Amino acid sequence: MKHAIQGRVRIGGFELDLKSGELRSVGSVEGDSRVLLREQPFQVLRMLIERGGKIVTREEIKSKLWPNDTVVDFDHSINTAIKVLRRALGDSADRPQYIETLARRGYRLLSAIEWLQTATESC
């Protein structure tokens, strides 16, 4: 099922607002915690969500984040975006629960996603 790029999605113990880029943990003992993702990590997470467990290649990430032959250290920037996401999700590269690295290929979202409706969305 294709979903609009707005609204909210649950990823494991987190909810992501696809409009604002706000990621919040839900159901923790300490209460909800919120993180406003920077643009690049947010866009990478959106790509992973849109693929629903299928691989997103590093080349696809590069094309999405830097579409006009921008001169930048792509590898470092992609690695940094993934590290930021893992930190926000409390994830680990060694024992991933959310984002799996497929060496020299790309990344895959491991956790199931659930699309959430807001009061303004119609059925």
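A brief look at the structure comes next. (Residues numbered from 1 in each chain as written. Predicted model: local features only at pLDDT ≥ 70, side-chain atom pairs only at ≥ 80, totals over all residues. Heavy atoms only, no water.)

Looking only at helix H2 (residues 58-65), the buried set comprises Arg58, Ile61 and Leu65. With its buried residues spanning 60° around the axis, H2 presents them on a single face. In the core, the buried residues of H2 are packed alongside helix H1 (39-51), strand S5 (56-57), helix H3 (74-89) and strand S7 (106-109). (Buried < 20%, exposed > 50% of the residue type's maximum accessible area, 1.4 Å probe, protein only. Helix = DSSP H or I, 4+ residues; strand = E, 2+ residues; numbered from the N terminus. Arc of directions from axis to C-beta. Contact = heavy atoms within 4.5 Å.)

So, on to the side chain of Gln43. For Gln43, the location among the structural elements is in helix H1. When its relative accessible area of 14% is taken as the criterion, Gln43 is described as buried. There is a polar contact of 2.6 Å between the side chain of Gln43 and the side chain of Glu39. Look past the residues within four positions of Gln43 in its chain and what remains in contact with it is Lys64 and Leu65. (Polar contact = N/O pair within 3.5 Å; in protein donor to acceptor, adjacent residues only side chain to side chain.)

As a further point, take unusual backbone geometry. The backbone phi angle of Arg104 is positive, close to 60°, even though this residue is not glycine. Examined against the element boundaries, Arg104 turns out to sit in the loop between strand S6 (99-102) and S7. Judged by relative accessible area, Arg104 falls into the exposed class, the value being 82%.

Turning to the pairing of S6, a few remarks are in order. Within a regular strand, the side chains alternate between the two sheet faces. Of the strand pairs in this sheet, S6 and S7 are connected by four bridges, and their pairing is antiparallel. When the bridges of S7 are listed, Ile99 appears paired with Leu109. If you look at the hairpin formed by S6 and S7, you'll find three residues sitting between the two strands, and Arg104 has a positive phi there, around 60°. (Pairing = 2+ DSSP bridges.)

Here we take up the sheet that holds S5. Reading across from one edge, S5-S7-S6 is the order of the three strands in this open sheet, with antiparallel pairing throughout. Two strands close off the open sheet at either side, each with one partner strand: S5 and S6. Sheet analysis places S5 next to S7, joined by two bridges and oriented antiparallel. Each bridged residue has a counterpart across the sheet, and for Thr57 the counterpart in S7 is Gly106. On the sheet, H1 packs against S5, S6 and S7 and is oriented at approximately 60° with respect to S7. (Axes fitted to C-alpha atoms, helices over the stretch in contact; angles between N-to-C directions.)

Function cannot be read off these values alone, since they describe shape.
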